[in-house]
Amino acid sequence: MNIKSINNIHINTNQTGFAGKPDKKPEGAKSSTPMYVKIPLATFIAMSPLAPNTVTAQDKLPLPAQPEKVVVDNNSPQNRLAGKTLAVKTFFNVNGENYIVRTKDLDNDSTNFESILISQATPNSIGSRYEAEEISKYNFAPLADDEANNGFFTVKGVKAQDIVDTQKVLIANDEFLEYFDKLAQSPENNGAIEVVNHNENLVPLPSGRVVISYEDGNLWKDAHQYVPEGEFMGHKILEGDNGIYDISIYNSDKQTLTAEEFTLKKEGYPELKIDKMIKVKSSFATNNMEPVSFETYQFNLKDNDGVTTIIYDKTLGEYMEKVAKSALYNKNNVPFDKAEVAKDYKISASTENIYIDDKK
């Protein structure tokens, strides 16, 4: 059925007429001024008494085409991979791996980048693909039971998440980090990367290990003073890294030439027995990069109840190493144990915690 367009529809108060067809005026009808109103054709057909009750599909007027609305999901892996690449840089032998770094435009504005993709390049194919999340700075502060300031050290890495399985990794070497620092400071960086500081306390355990924010000691100031068993033989005043110590020696086997007990105290703290001295080396790495190491001496001190208090002091340790080699230190009935503990720690990109690297 062909329908011609109708420009004007004349609506009369008495009847509806079509343009081009003479109207018959009923007898006695009063004349009135016609009103001209434009009505959509489909509406007119529906209201017309000449229109059938139903309109078949072929008789329907086609609706004007509506532009399809495309919703861009920048968080979908497919879109983040498909974004326009703005810059590419390749890094060889980043701790045994080759990486290709691409800055990506996701908002159709090529003057900046919203994402940074890292491809793990293998000899014959492209390996895992990651999206960089941040430049992680882990600032570790060793905190022992004397609450002294042992300084801090920093381990850095680029935290990235696997686009497919969401696994997170830390990637780093000097050249890699230098490039990402430049990306973070670039005016073209549109929220793609930033430097994030993670400040953590490293708490020592009696074994020489360290953990994050795990309290397993007895604060020196709250310890019960140790009562020596032997006879006082003398003392030594030593200025250490964390204060001035009073080191006292006691003989308990009636052989006055040797000491079987060493105690330690400083102003405001009770006297405690030196139970064990550990030369510790804690090394921290991100993605097997060259590690950052914290080296010192750990002292396990015992109070009169046998409760352990732990302190760090490298200067005190170096002095006690000399004492342990002297004739004063009873080799048969040792006044305190000695040990060396070296542990390699990895940082979990997912939990921000540390764990011992058993592969070394």
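Residues numbered from 1 in each chain as written. Predicted model: local features only at pLDDT ≥ 70, side-chain atom pairs only at ≥ 80, totals over all residues. Heavy atoms only, no water.

1. Considering the overall build of the protein
Part 1 of the argument: Regarding its fold elements, the protein presents four helices and 19 strands.
Part 2 of the argument: Out of the 360 residues belonging to the protein, those deemed buried represent 40%.
Part 3 of the argument: Contacts in the protein between residues far apart in sequence, at least 24 positions, make up 55% of those at least 6 positions apart.
Part 4 of the argument: Summed over all atoms, the accessible surface of the protein reaches about 21600 Å², with 48% contributed by carbon and sulfur. (Helix = DSSP H or I, 4+ residues; strand = E, 2+ residues; numbered from the N terminus. Buried < 20%, exposed > 50% of the residue type's maximum accessible area, 1.4 Å probe, protein only. Contact = heavy atoms within 4.5 Å. Areas by Shrake-Rupley, 256 points an atom, 1.4 Å probe, with all protein chains shown as cover.)

2. Regarding the pattern of salt bridges
Pairing is possible between side chains of opposite charge, provided their charged atoms come close.
Part 1 of the argument: This structure, assessed with the given rule, holds seven salt bridges.
Part 2 of the argument: The residue Lys156 makes a salt bridge to Asp181 at a minimum N-O spacing of 3.2 Å. Of this pair, Lys156 sits in strand β8 (residues 153-162) while Asp181 is found in helix α3 (residues 174-185), placing the two residues 25 residues apart along the sequence.
Part 3 of the argument: Taking the relative accessible area as the measure of exposure, Lys156 reaches 24% and is therefore partly exposed.
Part 4 of the argument: Between Lys159 and Glu352 there is a salt bridge; the shortest N-O distance is 2.5 Å. Of this pair, Lys159 sits in strand β8 while Glu352 sits in the loop between β18 (337-347) and β19 (354-356); the two residues are 193 residues apart in sequence, bridging distant segments of the chain. Here Lys159 and Glu352 have matching classes, each one buried.
Part 5 of the argument: In the salt-bridge network here, residues are joined through shared partners; they are Glu134, Lys159 and Glu352. (Salt bridge = Lys/Arg side-chain N within 4 Å of Asp/Glu carboxyl O.)

3. Some points on α3
Part 1 of the argument: Taking 1.5 Å per residue as the helical rise, α3 with its 12 residues ought to reach 16 Å, and the 17 Å between its terminal C-alpha atoms agrees with that figure.
Part 2 of the argument: All buried positions along α3 are accounted for by Phe176, Leu177, Tyr179, Phe180, Asp181 and Leu183. (Expected span 1.5 Å × (residues − 1).)

4. Let's talk about the packing of aromatic side chains
A ring pair, where both rings are aromatic, is described by two values, the distance of the centres and the angle of the planes.
Part 1 of the argument: Scanning the model with the defined rule gives 16 aromatic pairs in all.
Part 2 of the argument: An angle of 55° between the planes, with centres 5.9 Å apart, marks the rings of Tyr99 and Phe176 as tilted. With Tyr99 in strand β5 (residues 97-105) and Phe176 in helix α3, this pair connects stretches of sequence that are 77 residues apart.
Part 3 of the argument: Look at Phe176 and you get buried, because its relative accessible area is 0%. (Phe/Tyr/Trp six-rings, centres within 6.5 Å; stacked < 30°, edge-to-face > 60°.)

5. A few points about the nonpolar core
Part 1 of the argument: Core analysis: the biggest nonpolar cluster contains 23 residues, and Val101, Ile116, Ile118, Phe176 and Phe180 have the highest contact counts within it.
Part 2 of the argument: Contributing elements (two or more residues each) for this core: β4 (84-94), β5, β6 (115-121), β7 (126-142), β8, β9 (168-171) and α3.
Part 3 of the argument: If one sorts the elements of this core by residue count, α3 sits on top with five residues.
Part 4 of the argument: Excluding residues within four positions of it along the chain, Phe180 makes contact with Val101, Ile116, Ile118, Ala132, Ile135, Val158 and Ile193.
Part 5 of the argument: Residues Trp220, Leu238, Tyr297 and Phe336 belong to the second largest nonpolar core, which totals 22 residues. (Core = buried A, V, L, I, M, F, W, Y, C linked by side-chain atoms within 4.5 Å.)

6. Notes on the pairing of strand β17 (residues 308-312)
Part 1 of the argument: Burial analysis of β17 places five of its five residues in the buried class, the great majority of the element.
Part 2 of the argument: Taking every second residue as pointing to the same face, both faces of β17 are buried, with Thr308, Ile310 and Tyr312 on one and Thr309 and Ile311 on the other.
Part 3 of the argument: Of the pairings in the sheet, the one linking strand β16 (residues 292-302) to β17 comprises five bridges and is antiparallel in character. Bridging from a neighbouring strand, Lys302 pairs with Thr308 of β17.
Part 4 of the argument: Between β16 and the antiparallel strand that follows it, β17, lie five residues; Gly306 among them carries a positive phi value of about 80°. (Pairing = 2+ DSSP bridges.)

7. Description of the environment of Glu267
Part 1 of the argument: Topologically, Glu267 is positioned in the loop between β14 (261-266) and β15 (272-285).
Part 2 of the argument: With a relative accessible area of 78%, Glu267 lands in the exposed category.
Part 3 of the argument: Residues Glu267 and Gly243, 24 residues apart in the sequence, show an inter-C-alpha distance of 8.6 Å.

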